[in-house]
Amino acid sequence: MPLLSALRRLGSKPVMQDWPGLIEAYRSWLPVSAATPVITLREGATPLIPAPVISERIGRSVKVFLKYDGLNPTGSFKDRGMTMAISKAREAGSEAVICASTGNTSASAAAYARRAGMRAFVLIPDGYVAQGKLAQALLYGAEVLAVKGNFDRALAIVREVADSYPITLVNSLNPFRLQGQKTAAFEVVDALGDAPDWLCIPVGNAGNISAYWMGFKEYKAAGRSRTLPRMMGFQAAGAAPMVLGHTVEQPDTIATAIRIGNPVNKENALKAQGESQGAFMAVTDAEIIEAYKLLGSGEGVFCEPASAASVAGLIKRREEVPIGATVVCVLTGNGLKDPDTAIENNDSKFHTGIDPDTATVAQVLGF
Ligand SMILES: *Cc1c(COP(=O)(O)O)cnc(C)c1O
């Protein structure tokens, strides 16, 4: 366990307090200079959690880990890209940023932009953003426009606005986003000591899978890992353009974070799939919810429905996993973002209207 002994050497001080955020931690790997003002909320350094229940479900002596990026400052991996995008926008003298968002990009853009003293404009598909994400964008002080159209339409609009006015686009078309996001791959390799055999990841706009692949390749080229993973990208069946090979005009899924029909990073993602001998596959909403519940009640990890697509996909394709393989499933967002889905989809017993006395409580408990 080289990591543990390294941590012990640091003494009894809580290590996490020294974490400077991912730009400082991985500065030499990122396009920043002494002139870049680092806008950080100490994002990154998220845990890689062993998943014994899911490992058991896969069988074949496979070891499954969860890269829980829902523990970033605004509750999703988008913070990795946003610390870079906003720092670089600030460096360039920008005073406002804009994005289209299924929710998490808007929350992250708002937090980092406001921390940098910039205005944040966010366009969201009216009625298709989880409550927690909307709450965040509003609380962080963004100017929120709910557009009567889907994500793909909102993105087309913000691209035009950013072309015509002095506003920086911070969707994953912004190359600094992927630069920041690639650090998640660095962290996985730093924790495991090598790349995993499979990297399972939900795919919406296909930026994150592209960023991970860039990170794994850079680390391998520098001798930090011996191997590269197969990139396994999972989409919701109702929003699976990478699987179908064409745009989906009316994407539809309970996993609103990946409700995207025309991924802007599809070329990069196809390259990742080809170079890594990976695959794009679809999982149904029912499979996503089953994995979501298993993560919660089996592993004690609460993620978003979109995030659970990575685990749903792994379970669906378990027969193809090599015996003894190490698999990392990326959990992209925190479950607290979307409490409605959790309350409507669980197998727990919820007894209401209980009389406030010990005898009644004991009886309900079955004693
Ligand atoms: C943005 C997001 C995704 C999809 O990532 P892409 O880079 O768009 O493929 C998946 N899950 C969550 C929770 C997200 O916020």
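Each remark here, short or long, concerns the structure printed above.
Now for a look at the structure at hand.

Calculation notes
- Numbers given for residues are sequential positions, taken from 1 along each chain in its written order.
- With pLDDT at 70 or above as the cut-off, local features in this predicted model cover only qualifying residues; side-chain atom pairs require 80 or more to be listed or tallied, and sums for whole chains, interfaces and linings still use all residues.
- Based on all heavy atoms of the structure, the side-chain values leave hydrogens and waters out of the count.
- Burial status follows relative accessibility: with a 1.4 Å probe on protein chains alone, a residue under 20% of its type maximum counts as buried, one over 50% as exposed, and anything between as partly exposed.
- By definition, any uninterrupted DSSP run of H or I lasting at least four residues is a helix, any uninterrupted run of E lasting at least two residues is a strand, and each is numbered from the N terminus.
- What the arc covers is the set of directions going from the helix axis to the C-beta atoms.
- Contacts are residue-level and defined by heavy atoms, with any inter-residue pair within 4.5 Å sufficient.
- Here, any two strands with at least 2 DSSP bridges between them count as paired.
- All axes here are fitted lines through C-alpha atoms, helices being fitted over the stretch that makes contact, and every angle between N-to-C directions spans 0 to 180 degrees.
- Lining residues are those with an atom within 4 Å of a point, where the points come from a 1 Å grid over the protein atoms alone and group into cavities, where a 1.4 Å probe fits but cannot get out, or pockets, open sets with protein on both sides within 12 Å along at least five of seven lines.
- Grid points are joined across faces, edges and corners, and a volume is the space filled by probe spheres set on the points.
- For this classification, the nonpolar set comprises Ala, Val, Leu, Ile, Met, Phe, Trp, Tyr, Cys and Pro, the charged set comprises Asp, Glu, Lys and Arg, and every other residue, Gly included, is treated as polar.
- Handedness of a crossover: with both strands directed away from the viewer, a clockwise path from the first strand across the helix to the second marks it as right-handed.

1. Description of helix 12 (residues 266-276)
Turning to step 1, where the next piece is worked out: Ala 269, Ala 272 and Ser 276 are the residues of helix 12 that are buried. Along the long axis of helix 12, the arc covered by the buried residues comes to 55 degrees, so they all point the same way.
Turning to step 2, where the next piece is worked out: If you follow the buried residues of helix 12, they end up packed against helix 10 (207-221), strand 8 (230-236), helix 11 (241-244) and strand 9 (279-283).
Turning to step 3, where the next piece is worked out: Backbone geometry just after helix 12 places Gln 277 at a positive phi near 55 degrees.

2. A few points about the sheet that holds strand 8
Turning to step 1, where the next piece is worked out: Read from one edge of the open sheet, six strands run 1-2-10-7-8-9, paired in mixed fashion. At either end of the open sheet lies a strand with only one pairing partner, and these are strand 1 (48-50) and strand 9. Here the strands of the sheet are splayed against their neighbours by 25 degrees on average, with no regard to which way each runs.
Turning to step 2, where the next piece is worked out: The sheet contact formed by strand 7 (residues 198-202) and strand 8 spans five bridges and is parallel. For Leu 199, the partnering residue across the bridge sits in strand 8 and is Met 231.
Turning to step 3, where the next piece is worked out: Against the sheet, helix 9 (residues 183-192) touches strand 1, strand 2 (63-68) and strand 10 (326-331), its axis set at about 135 degrees to strand 2.
Turning to step 4, where the next piece is worked out: Together, strand 8 and strand 9 form the strand contacts of helix 12, whose direction differs from that of strand 9 by roughly 115 degrees.

3. Considering the environment of Ser 106
Turning to step 1, where the next piece is worked out: Within the element layout of this structure, Ser 106 appears in helix 5 (residues 104-115).
Turning to step 2, where the next piece is worked out: We classify Ser 106 as buried; its relative accessible area is 1%.
Turning to step 3, where the next piece is worked out: Separated by 15 residues in the primary sequence, Ser 106 and Phe 121 have C-alpha atoms spaced 8.2 Å apart.
Turning to step 4, where the next piece is worked out: Setting aside residues no more than four positions away along its own chain, Ser 106 makes contact with Cys 99, Ser 101, Val 122, Ile 124 and Ala 137.

4. So, empty space enclosed by the protein
Turning to step 1, where the next piece is worked out: A full pass over the atoms with the stated rule returns one cavity of 30 Å³ or more.
Turning to step 2, where the next piece is worked out: The space that makes up the largest cavity amounts to roughly 310 Å³.
Turning to step 3, where the next piece is worked out: Every residue lining the largest cavity is counted, 28 residues in all, and those nearest its centre are Phe 77, Lys 78, Gly 204, Asn 205 and Ala 257.
Turning to step 4, where the next piece is worked out: Of all elements in the fold, only helix 5, helix 8 (175-181), helix 10 and helix 14 (305-316) reach the threshold of two or more residues within the lining of the largest cavity.
Turning to step 5, where the next piece is worked out: Of the residues assigned to the lining of the largest cavity, the class counts are 11 nonpolar, 14 polar and three charged.

5. Comments concerning the sheet that holds strand 5 (residues 143-147)
Turning to step 1, where the next piece is worked out: Taken in spatial order, the four strands of this open sheet run 5-4-3-6, and their pairing is parallel. Looking at the sheet topology across the chains shown, the edges are occupied by strand 5 and strand 6 (168-169).
Turning to step 2, where the next piece is worked out: Relative to strand 4 (residues 119-125), strand 3 (residues 96-100) runs parallel, the two sharing five bridges. If you follow Ile 98 over to strand 4, its bridge partner there is Phe 121.

6. Concerning the pairing of strand 4
Put simply, side chains in a regular strand alternate between the two faces of the sheet.
Turning to step 1, where the next piece is worked out: With six of seven residues buried, strand 4 lies mostly within the body of the structure.
Turning to step 2, where the next piece is worked out: As a crossover connection, the stretch from strand 3 through helix 5 into strand 4 is right-handed.
Turning to step 3, where the next piece is worked out: By the bridge criterion, five bridges tie strand 4 to strand 5 in an arrangement that is parallel. When the sheet's bridge partners are listed, Ile 124 is paired in strand 5 with Ala 146.
Turning to step 4, where the next piece is worked out: Regarding topology, helix 6 (residues 131-139) serves as the crossover connection from strand 4 to the parallel strand 5, and that connection is right-handed.

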